[in-house]
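What follows is each chain in one-letter form.
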Amino acid sequence: MADLTTYRPTNPPLPGGFDYPAKILAFINALGAGSDPFSRPDHVQNLSLTFAVGSNALTANVKARDGTAPSADNPVAVAVKSALAAGDYNVRTITGALSLTIVSGATVGHTSAVAGDLYWYIVEKDANTRKLAVAGSFLGHQGVGSTTLMDANSDSAAVLYADEALASKPYRCIARTIDTQTTAGTWTATPAECHLPPFVAPAGEIGGSVAYSGVLAPAQITANQNDYNPSGLSSAGVLLVSTDAARNITSVAGGARGRVLQWINTGTFALTFTPDDGASGTAANRFSLDGRVTIYGGQSASFIYDASASRWRLLHQSRTRLVSVTGKNITASRPSASTIDVNADELVLTDAQGNTRIATTIDLTLDITASGENGLDAGSEASNTWYYAHVLEKPDGTRCGVLSTSATAPTLPTGYTFWALVSAVRNDGSSNFVNYVQRGARIYFAAGQSILSGGTATSETNASTAAAVPAAAYSFDLSWEAAAAATSGPVFGQLRHVSGANFQSFRISTASGSGETNYGTGSVQFPYVGNVAYLWDSAFTSRSLSLFVTGFTLPIGGA
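The following paragraphs examine the structure supplied in this document. (Residues numbered from 1 in each chain as written. Predicted model: local features only at pLDDT ≥ 70, side-chain atom pairs only at ≥ 80, totals over all residues. Heavy atoms only, no water.)

A few words on the overall build of the protein chain. Each helix and strand counted, the protein chain has 1 helix and 38 strands in total. Counting all 559 residues of the protein chain, 45% fall into the buried class. On the protein chain, roughly 25200 Å² of surface is accessible, and the fraction owed to carbon and sulfur atoms is 49%. (Helix = DSSP H or I, 4+ residues; strand = E, 2+ residues; numbered from the N terminus. Buried < 20%, exposed > 50% of the residue type's maximum accessible area, 1.4 Å probe, protein only. Areas by Shrake-Rupley, 256 points an atom, 1.4 Å probe, with all protein chains shown as cover.)

Hydrogen bonds between backbone groups are what pair the strands of a sheet, and the pairing can be parallel or antiparallel. The mixed open sheet is built from 3 strands, whose spatial order is β15-β17-β19. Only two strands of the sheet have a single partner each, and these edge strands are β15 (247-249) and β19 (293-295). Taken pair by pair, the neighbouring strands of this sheet meet at an average axis angle of 25°, ignoring direction. Across 3 bridges, β15 lies against strand β17 (residues 271-273) in parallel orientation. Bridging across to β17, I249 finds its partner in F273. (Pairing = 2+ DSSP bridges. Axes fitted to C-alpha atoms, helices over the stretch in contact; angles between N-to-C directions.)

Once that is clear, we can look at the nonpolar core. Core analysis: the biggest nonpolar cluster contains 63 residues, and L478, L495, L545, L547 and F552 have the highest contact counts within it. Residue contributions to this core peak at 6 residues, all from strand β29 (residues 418-427). When near neighbours in sequence (up to four residues on either side) are disregarded, L545 contacts L452, S453, G454, G455, W480, E481, A482, L495, F506, Y534 and W536. (Core = buried A, V, L, I, M, F, W, Y, C linked by side-chain atoms within 4.5 Å. Contact = heavy atoms within 4.5 Å.)

Time to look at the packing of aromatic side chains. Counted according to the given criterion, the structure contains 11 aromatic pairs. An angle of 55° between the planes, with centres 4.7 Å apart, marks the rings of F273 and F303 as tilted. One end of the pair, F273, is in strand β17; the other, F303, is in strand β20 (residues 300-306), and 30 residues separate them in sequence. Looking at F273, the relative accessible area reads 0%, which means it is buried. Taken together, the ring pairs in this structure connect Y228, W263, F273, F287 and F303 into an aromatic cluster. Sitting over the ring of F418, R357 keeps its end group 4.9 Å from the ring centre. (Phe/Tyr/Trp six-rings, centres within 6.5 Å; stacked < 30°, edge-to-face > 60°. Lys NZ or Arg CZ within 6 Å of the ring centre and 35° of its normal.)

What follows concerns the layout of surface pockets. Computed from the structure, the largest pocket encloses a volume of approximately 430 Å³. What lines the largest pocket is a set of 18 residues, among which L139, A158, A307, S308 and S310 lie closest to the centre. Mapped by element, the contributors of at least two residues to the lining of the largest pocket are β9 (142-149) and β20. Here the element with the most residues in the lining of the largest pocket is β9; it accounts for 4 residues. (1 Å grid on protein atoms, 1.4 Å probe; cavity = no way out; pocket = protein on both sides within 12 Å on 5 of 7 lines; lining within 4 Å. Points joined across faces, edges and corners; volume = space filled by probe spheres on them.)

A separate point is the pattern of salt bridges. Summed over the entire model, instances satisfying the criterion amount to 13 salt bridges. For K131, the salt bridge goes to D163, with nearest N and O atoms at 3.3 Å. Remark: D163 occurs in the loop between β10 (161-162) and β11 (166-179) and K131 occurs in strand β8 (residues 129-135); sequence separation between them is 32 residues. What makes K131 buried here is its relative accessible area of 15%. Measuring nitrogen to oxygen at the nearest pair gives 2.9 Å for the salt bridge that ties R247 to D244. Since its relative accessible area comes to 19%, R247 is described here as buried. D244 sits in the partly exposed class, given a relative accessible area of 32%. Several salt bridges converge on common partners, so that one network encompasses K125, K131, D163 and E164. (Salt bridge = Lys/Arg side-chain N within 4 Å of Asp/Glu carboxyl O.)

What follows is about the sheet that holds strand β13 (residues 215-216). Pairing within the open sheet is mixed, and its 6 strands lie in the order β13-β14-β16-β20-β21-β18. The sheet is open, and its two edges are formed by β13 and β18 (287-288), each paired on a single side. Bridge count between β18 and strand β21 (residues 311-317): 2 bridges; the pairing is parallel. Bridge pairing in β21 places F287 opposite W312.

Attention now moves to unusual backbone geometry. A positive phi is found at N329, a non-glycine position, where the angle reads about 55°. Tracing the chain through its elements places N329 in the loop between β22 (327-328) and β23 (331-336). Residue class for N329 comes out partly exposed when judged on its relative accessible area of 40%. Even without a glycine there, the phi angle at S431 is positive, about 60°. Checked against the element boundaries, S431 lands in the loop between β29 and β30 (436-439). Owing to a relative accessible area of 27%, S431 belongs among the partly exposed residues under this scheme.

Pairing geometry for β13 and strand β14 (residues 238-241), over 2 bridges, is parallel. Its bridge partner being in β14, V215 is matched across the sheet by V238. Taken together, the 4 bridges between β14 and strand β16 (residues 260-265) define a ladder with parallel strand orientation. Looking at β16, one finds that L239 is bridged to W263.

Following this line, the structure appears as structure tokens:
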């Protein structure tokens, strides 16, 4: 066949001057280019790997397919990115011996007696030099990254190790191996499996859906954890964890770009992930969080590893359902001089970190003569004192109540972390609870509590509410009874909660005759807690004002 570059037809050219031989030649050349693997940036050519162990170290060697060392006549070729931002690639050849040894003591994220992955990478040091590198986790099929010098402390699965530290170099993943070492860091077995590209990306790489490579139920956590790394973590996507008490996790091993770990608390105690404090655990294993993340029994949280920041970040956290108010159908009453009953259909409880949970079907009796659970939280009973009732829960759902002199910081018995204010009761001068009933946030006294009797002042004078209204109340209800005698004209008085400003005026009708006394009554709700001030506008004969608190409202938003 004639050379297409010089061939010309003997017949007259076809109409239009179309150069058919040149077009056919271009088509053949395109076919040839398409059959070349290096016309595509995702291929390697003529590659194989061999492994050997010795002196508790594992050595990987890059070979040509025939098992010999690469050479100029028998090169291994790899396509790598040309630059971080560029959509182009370079084909680099390996023409000499290339190997990497994982030294004795380096675990690269492996766990003793558990099958673990190693990912092998070709890193371009420069246009003429290639390095073999390894990581305990998948860093992507290609990318630009930095390597850390391999030594006996090379223990992180999230770090790319080589025999030289290099910054921001293109790399391509060329193999995935799976091996089991009896003791992590003591390399006595060569890989049981070696997979060359293309291979399926491991759990943690997201491509349309998330796939988890395994569900792991590690041993119960019995202490706060730095660099948490249970057996099997390297191949797990879901962790079913439990604790023997409320525990913290400050850092977790095995981070790799895009790796997702889902934690499910199968126990009853709280498990809390804490933000990076700059000191606890290995820096690259810590969490980058806005605040503490706590999961309770039955709850879950997912974290994704951010390789650019070398930190775990929160991906999702299950939340407790919240009601629109603090509680639903809250009721309370005083069945005896030393006890109160507290009931609610639902109640929102909160811990010191602001985490919430819903308690349902609350039915408690609190006794001030008892101590601790369902009794007094601290100290001994005192007369003429306000006590606040709180409902408490442990993370495992154990529930009790306490009476406390604090509305905001009750002393919690051991193990209780959640609580909510539900009621308030006055212990009078005889150390007996004042009789009351409560519906939602409103408390009603069985009998009005007197704060003034026979008041005659014609200048602003305070009447203390301290014995009838707790300091934590939002508002209180006041009733008044007034009597005065006058020969002509109405009788006026004022109730105030701000000095000099009338909140409520009361009026008594004009007396019908000399020496006769008229009476007036009324009620008002004060929006602020504190003393009430009153005054008569004139020194009428036989004037007298009495004030009674009939109830108050607590800041619990209950319905």
